Structure formats: structure tokens, C-alpha cells
Amino acid sequence: MPEPLEESLHSWLRQRRSEHLLRVRRVSDSPQQPVMRIDGRRVLAFCSNDYLGLANHPLVVEAVADGARKWGAGSGASHLINGHARAHQQLEEEFAAFVGHPRALLFSSGYLANLGMLSALLSRGDEVLQDRLNHASLLDAGLLSGARLRRYLHGDPQSLRNKLGKPVSGHRLVVTDGVFSMDGDLAPLPGLNEICQAHAIPLLVDDAHGFGVLGKTGAGTGEALGVQPAMLMCTLGKALGTAGALVAGSETLIETLLQRARSYTYTTALPAALAEGARVALRLLETEAWRRESVLALTERFKAGARRLKLPLIASPTPIQPLLAGSSELADRLSQALAKAGVVVPAIRPPTVASGSARLRITLSAAHTTGHVDSLLNALADVWETEGQVGG
Ligand SMILES: *Cc1c(COP(=O)(O)O)cnc(C)c1O
């Protein structure tokens, strides 16, 4: 007889704690914004994915509140029953037009979108090729689809090409993050796209962190690098400050998702009020270019300051600025020391990142000021001086 379940869970938890890997939640008493009340203290936060500062924007908040008065609190049913409101439909159409694809489909979250997409498009006998550092939801989605999951080296088109040598009987799909969520670097979309086109394989880009931030109009990594992938997934919970996710592609791809994606069919539609909020956020993204210019300027200011302090940043052109600690223990210690100084930056540890590459994941927002960034740099200089030199 094995040890009872509760007992083995208990020892697993104890082990996690001793390895500095136990996750704890901070409790916030304020909206997502630079200055927050967290665990009862006023702090400066650099941890959100609210890149454009829209999560607590008055017009977005008002659209959600008005939306709730118009549509009620919940959607009451899945999209395929009768939970699909005009607001959802309009959001899909507006998004598709903005990113230049024929059609789009709204999912209740990015995680669900990825699970639904890969399992609707692939099955046993097919093959999905993914960057090694793709988001966990894409890796989970690949496994769930039943297709053979093959991972190529991070950001390496040649490694992808090498995996395509032998023909397969089933279909193939290449999937990549546009901006890698824990590193902040961009996928080499032109190289990947060229290989995909040569092999007639669709390229799917999860642009959760590029959408709204990169590209001339804010349409994301593809726009920045001059590539229109066959399918694009963008989450609404990041730059758009709300919740949900949109997938855009051809009429055939999107209709297939609508018919087949189980994570679309068997879940309640996002409240229509949130779709109204996302529509307003999308308009702000389109009309207020200064938001992405501002978050990118703050990013440059941060990078220049960090260079002066000789902090070991991982090279990234996006508002995701990882500071490499190495050990989970050091990442944890730095994060705690910063918290003591009133600055909240999360420690990202295995299994989210590879063992030995634990880091602080600093994220910037258009809602931050240059003063906030300078305060962060000062706090980092202090904690790096006292904590960073030893045991790293
Ligand atoms: C956040 C994220 C997701 C999941 O989106 P949610 O809407 O938060 O479920 C998917 N892919 C990437 C790359 C992400 O960063």
C-alpha cells in the first residue's frame, strides 16, 4: 500500500518550502496600478502585465460598469447556447479588423484559447513543433491534443528546420510565443515564417505580451517584424487590461475552432460587460500611441540605469525585464529584500523557468512614471549591494 495521499502531499509541500519553491499569494487591497496596497502596506509594484495602464483606466472601468447595467453581471450560458451577446460579436469583429485577419473568436481566457486551438486543429498522428520556452499553456495544449510534441531550441529557426527533415503522414503546426513571457525576447518570426511557408505548415503565434506593445499600430510582434502568421492568439488580460483572449485567422480556421474547440464549447461565455471594457481598451490602444511609446521609453530608462549598476539583466527589448539571480534562494531573497523596501517584484523560479535560471521578473507599465523607475533602480542598487554579491 502506498503512503496515504494527504501524507505524501504534506511531505511534498515541506520539500517545496525547504527549496524556496513554495508559492505564496500577496493580498492586494487596490486595483492593478503602480502604487498599490499589498499585504496591508503601500508599495510600488513592478509585476503586472498591464503594459498600457488600462486595467484601472476610468473609461475602461466605466465601460465595464455600463456594460454590467446593460448586459447584467454574468453571461448565463456558453457561446453556443445563448451566452453570445452583441458585445462579444462586436469585439471579435473589431479585433479581426485591427489585426488584419478575416475572422476572430473570443475565448474566456488565453489558457483556454490555447488548449482549444491545439486540440481542435491536431490529433494523434499529427505533430506540433514548439519553441522550448513557449508558455506553459501551449505546452499543455500540445500534450492534450494527442499530437506528437516536438520542441526546438529557443528562438532558433535552424533547429526547427532540422526537425522537419522527415515527412510525416499527419499535419504539422508550428507554435511560438511572440514575446517570451519570462525572458521578454522576441521570436524570430521572419525565419520561422519562411520555413513554415516552404513546408506549407501554418505558423501560430501566441502574442500575449507583444499585442498592444509592439508594432507601428500596436498590433504586436508580427507587425513589428513584418510577419502575418496564419493564426494569432492575443490575451485581453495583459495590455488590454481586462480578461479573455481572441484568436484570429482564416474563416476556415476560426469556424473549425467554433465547431470543435472543447474549451470554447464547454465553458460559460465571458461576461458581456468585460467585452464592452475590452472594446474600449482596444480603441484606446488604437488611438493613444503614446501609451506604448511611454512604456517602451520607461523600459529604455530602466535598462540604461541597470547597465550603470551592472545588474545582470537578460537582454530584452520589451517591458518584461528579467534580472538573472541563478538560484531560487537568491531570487527569493532579493524579492523579499525589495518588498521590505516597499518595491514588489516577483521571483520566478523553477519549474516556470529552467533550473539555475531563477530571476526577478520586472515588468513596466505606461502607468509608471520616470520617478517610479528611478525608485526601482535605487532599491535594486541597495538590495543587489547587500544580497546579490553573496551566494549567487
Ligand atoms: C498569460 C499568457 C497566456 C494565458 O492567458 P490568460 O488569459 O491569462 O489565461 C497564454 N500565453 C501566454 C504567452 C501568456 O503570457
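J.: Please clarify how the pairing of strand β8 (residues 231–235) should be interpreted in this entry.
T.: Counting buried residues along β8, five of its five residues qualify, which places the element largely inside the surrounding structure. Covered by surrounding structure in β8 are Met231, Met233 and Thr235 together with Leu232 and Cys234, the residues of both alternating faces. Alignment of strand β7 (residues 203–206) against β8, held across three bridges, turns out to be parallel. By the bridge assignment, Asp206 is partnered in β8 with Met233. Sheet topology note: the β8/strand β9 (residues 245–249) ladder contains four bridges and is antiparallel. Its bridge partner being in β9, Thr235 is matched across the sheet by Ala245.

J.: In this structure, what is going on with the packing of aromatic side chains? I would like to understand it.
T.: By convention here, two paired aromatic rings are described through the distance between centres and the angle between planes. Under the defined criterion, the tally for this structure stands at three aromatic pairs. Taken together, a centroid distance of 5.5 Å and an interplanar angle of 70° make the contact between Phe95 and Phe211 edge-to-face. Of this pair, Phe95 sits in helix α4 (residues 86–99) while Phe211 sits in the loop between β7 and α9 (221–225), and the two are 116 residues apart along the sequence. With respect to burial, Phe95 and Phe211 carry one shared label: buried. Between Phe107 and Tyr264 the ring centres are 5.4 Å apart and the planes differ by 65°, which places this aromatic pair in the edge-to-face class. Of the two residues, Phe107 is situated in strand β3 (residues 103–107) and Tyr264 in helix α11 (residues 262–265); the sequence distance between them amounts to 157 residues. This pair shows no difference in class: Phe107 is buried, exactly as Tyr264 is. Cluster of aromatic residues (ring-pair linked, three or more members): Phe95, Phe98 and Phe211.

J.: Would you mind going over helix α14 (residues 328–340) with me for this structure?
T.: Side chains of residues three or four places apart in an α-helix project in the same direction, reflecting 3.6 residues per turn. Over its 13 residues, α14 extends 18 Å from the first C-alpha to the last, a length consistent with the 18 Å expected when each residue adds 1.5 Å. Restricting attention to buried positions, one finds in α14 the residues Ser328, Leu330, Ala331, Asp332, Leu334, Ser335, Ala337, Leu338 and Ala339. Directly beyond the C-terminal end of α14, a positive phi value near 85° is found at Gly342.

J.: Would you explain the site of the ligand in this entry?
T.: Inspection of the region around the ligand gives 14 residues, with Gly110, Tyr111, Asp206, His209 and Lys238 positioned closest. Within the backbone of Gly110, one N or O atom sits 2.7 Å away from an oxygen atom of the ligand. In this structure, Tyr111 approaches the ligand through a main-chain N or O atom, which is 2.9 Å from an oxygen atom. Among the elements of the structure, α5 (110–121) and β8 are those that each provide at least two residues to the shell around the ligand. Broken down by element, the shell around the ligand gets its largest block of residues, three residues, from α5. A breakdown of the residues in the shell around the ligand according to their chemical character gives three nonpolar, eight polar and three charged.

J.: Please explain the sheet that holds strand β10 (residues 320–326) as it appears in this structure.
T.: Neighbouring strands of a sheet are bound in pairs by backbone hydrogen bonds; such pairs are parallel or else antiparallel. The sheet built from three strands is open, its strands ordered β10-β13-β12 with antiparallel pairing. Each end of this open sheet is capped by a strand with a single partner; those strands are β10 and β12 (347–348). The sheet contact formed by β12 and strand β13 (residues 358–363) spans two bridges and is antiparallel. Across the sheet, the residue bridging to Ile348 is Arg359, located in β13.

J.: I tried to follow the side chain of Glu127 on my own but got confused; where do I start?
T.: Residue position: Glu127 is located in strand β4 (residues 127–131). We classify Glu127 as buried; its relative accessible area is 3%. Side-chain polar atoms of Glu127 contact the side chain of Arg148, separated by 3.5 Å. Other than its neighbours up to four places away in sequence, Glu127 contacts Leu122, Ala147, Arg148, Arg150, Lys163, Val168, His171, Arg172 and Leu173.

J.: Would you explain the nonpolar core in this entry?
T.: Burial of nonpolar side chains together is a common tendency in soluble globular proteins. With 80 residues, the main nonpolar core has Phe95, Phe211, Phe302 and Leu380 as its most contacted residues. Looking at this core, the element that brings in the most residues is helix α12 (residues 272–287), giving eight residues. Here this core spans two domains, since at least three of its residues come from each of domain 1 (18–47 + 289–390) and domain 2 (58–287). Leu118, Ala141, Val175 and Met231 belong to the second largest nonpolar core, which has 25 residues in total.

J.: Teacher, can you tell me more about the packing of helix α13 (residues 290–308) against helix α15 (residues 370–388) here?
T.: What describes two packed helices is the angle between their axes and the distance between those same axes. α15 packs onto α13 with a crossing angle of 25° between their chain directions and a minimal axis gap of 10 Å. In terms of their interaxial angle, α13 and α15 are classed as roughly parallel. For α13 against α15, the interelement crossing comes out right-handed. Residues Leu298, Arg301, Phe302, Gly305 and Ala306 of α13 touch α15, and the partners they reach there are Thr370, Val373, Asp374, Leu376, Leu377 and Leu380. Tallied by class, the residues present in the contact of α13 with α15 amount to seven nonpolar, two polar and two charged.

J.: Mind showing me how you'd approach the pattern of salt bridges here?
T.: Counted under the stated rule, the structure contains 14 salt bridges. Of the charged contacts in the structure, one is a salt bridge between Glu127 and Arg172, with a shortest N-O distance of 3.0 Å. Of this pair, Glu127 sits in strand β4 while Arg172 sits in strand β6 (residues 172–177), and the two are 45 residues apart along the sequence. You'll find Glu127 and Arg172 in the same group, each marked buried. Glu276 serves as the salt-bridge partner of Arg279, at 3.1 Å between the closest nitrogen and oxygen.

Conventions used here
Residues numbered from 1 in each chain as written. Predicted model: local features only at pLDDT ≥ 70, side-chain atom pairs only at ≥ 80, totals over all residues. Heavy atoms only, no water. Buried < 20%, exposed > 50% of the residue type's maximum accessible area, 1.4 Å probe, protein only. Helix = DSSP H or I, 4+ residues; strand = E, 2+ residues; numbered from the N terminus. Pairing = 2+ DSSP bridges. Phe/Tyr/Trp six-rings, centres within 6.5 Å; stacked < 30°, edge-to-face > 60°. Expected span 1.5 Å × (residues − 1). Near = heavy atom within 4 Å. Polar contact = N/O pair within 3.5 Å; in protein donor to acceptor, adjacent residues only side chain to side chain. Nonpolar A, V, L, I, M, F, W, Y, C, P; charged D, E, K, R; others polar. Contact = heavy atoms within 4.5 Å. Core = buried A, V, L, I, M, F, W, Y, C linked by side-chain atoms within 4.5 Å. Domains from an automatic or database assignment. Axes fitted to C-alpha atoms, helices over the stretch in contact; angles between N-to-C directions. Parallel < 35°, antiparallel > 145°, perpendicular 65-115°, else oblique. Left-handed = near helix turned anticlockwise from the far one by under 90°. Salt bridge = Lys/Arg side-chain N within 4 Å of Asp/Glu carboxyl O.

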